[in-house]
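# Structure assessment
Listed below, chain by chain, are the residues.
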Amino acid sequence: MLGRPNSEILNPIKVAGVWGETRLSGEAMERQLSLGHSAYAVTSKDVDIVMFAGLNKVNEDLSGDFYWYVSWDDETADQPDHWLQHASKQAKLEYVLKRTESLEPRLREIFLLTPAEGIISGMPVFRDAVIPSLPSTGRVVALGDAAHPMTPCKSGR
């Protein structure tokens, strides 16, 4: 659409992160929902992270499937050999637990209740684009990420 390759338009965001999924029920699920109904985000300058947790679905047994991520600034995040691209799930979980150990217990609970098998392999590299203008001839409709590509929790970092 812009007449230039994505490599010239999409800039890597220097943010690394770990993603996880877990199933919670009973009081643990209630505590998560009390933090933000079905989702919440936390930015902590004390530990220099952004975290997000969300409820993906409620199951027939009233348990909930949650997903979460923890991200932080990392100048090497876009490198193909970044340690998160090949780290074990257990190593990633341990890193998150160590990195977040000074957070309030209610915010860390979801990580503590996530088994290593719930950690997502690899690491996505987020990209952002600054589009100064769109073609002035013809009609253009830009929807979703085409209109505003950004990280899941864009901050003013």
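Residues numbered from 1 in each chain as written. Predicted model: local features only at pLDDT ≥ 70, side-chain atom pairs only at ≥ 80, totals over all residues. Heavy atoms only, no water.

## Details of the packing of helix H4 (residues 89–99) against helix H5 (residues 105–112)
To characterise two packed helices, one gives the angle between the axes of the helices and the distance between these axes. Between H4 and H5, the least distance of the axes is 10 Å, while the angle of their chain directions is 175°. Between H4 and H5, the crossing angle belongs to the class labelled roughly antiparallel. Along its contact with H4, which presents Leu 93, Val 96 and Leu 97, the element H5 presents Arg 108, Phe 111 and Leu 112. (Axes fitted to C-alpha atoms, helices over the stretch in contact; angles between N-to-C directions. Helix = DSSP H or I, 4+ residues; strand = E, 2+ residues; numbered from the N terminus. Parallel < 35°, antiparallel > 145°, perpendicular 65-115°, else oblique. Contact = heavy atoms within 4.5 Å.)

## Side note on the pattern of salt bridges
Oppositely charged side chains can form a pair if their charged atoms are brought close together. If you walk through the whole model with that rule in mind, you get six salt bridges. A salt bridge links Asp 78 to Lys 14, with the shortest nitrogen-to-oxygen separation between them at 3.0 Å. Of the two residues, Asp 78 is situated in the loop between strand E5 (64–73) and helix H3 (83–86) and Lys 14 in the loop between strand E1 (10–12) and strand E2 (15–24); the sequence distance between them amounts to 64 residues. Taking the relative accessible area as the measure of exposure, Lys 14 reaches 29% and is therefore partly exposed. If you follow the salt bridges from partner to partner, you end up with Glu 27, Arg 31 and Glu 109 in one network. (Salt bridge = Lys/Arg side-chain N within 4 Å of Asp/Glu carboxyl O. Buried < 20%, exposed > 50% of the residue type's maximum accessible area, 1.4 Å probe, protein only.)

## Brief notes about unusual backbone geometry
With a phi close to 60°, His 37 is a non-glycine residue in the positive phi region. The exposure class assigned to His 37 is exposed, which follows from its relative accessible area of 69%. Of note in this structure, Leu 62 is not a glycine but carries a positive phi near 70°. Within the secondary structure layout, Leu 62 lies in the loop between strand E4 (49–58) and E5.

## Describing the pairing of E2
Judged by how many residues are buried, E2 sits mostly within the fold: seven of 10 residues are covered. Inspection of the sheet shows E2 paired to E5 by 10 bridges, in the antiparallel sense. Across the sheet, Ala 16 pairs through a bridge with Trp 72, a residue of E5. (Pairing = 2+ DSSP bridges.)

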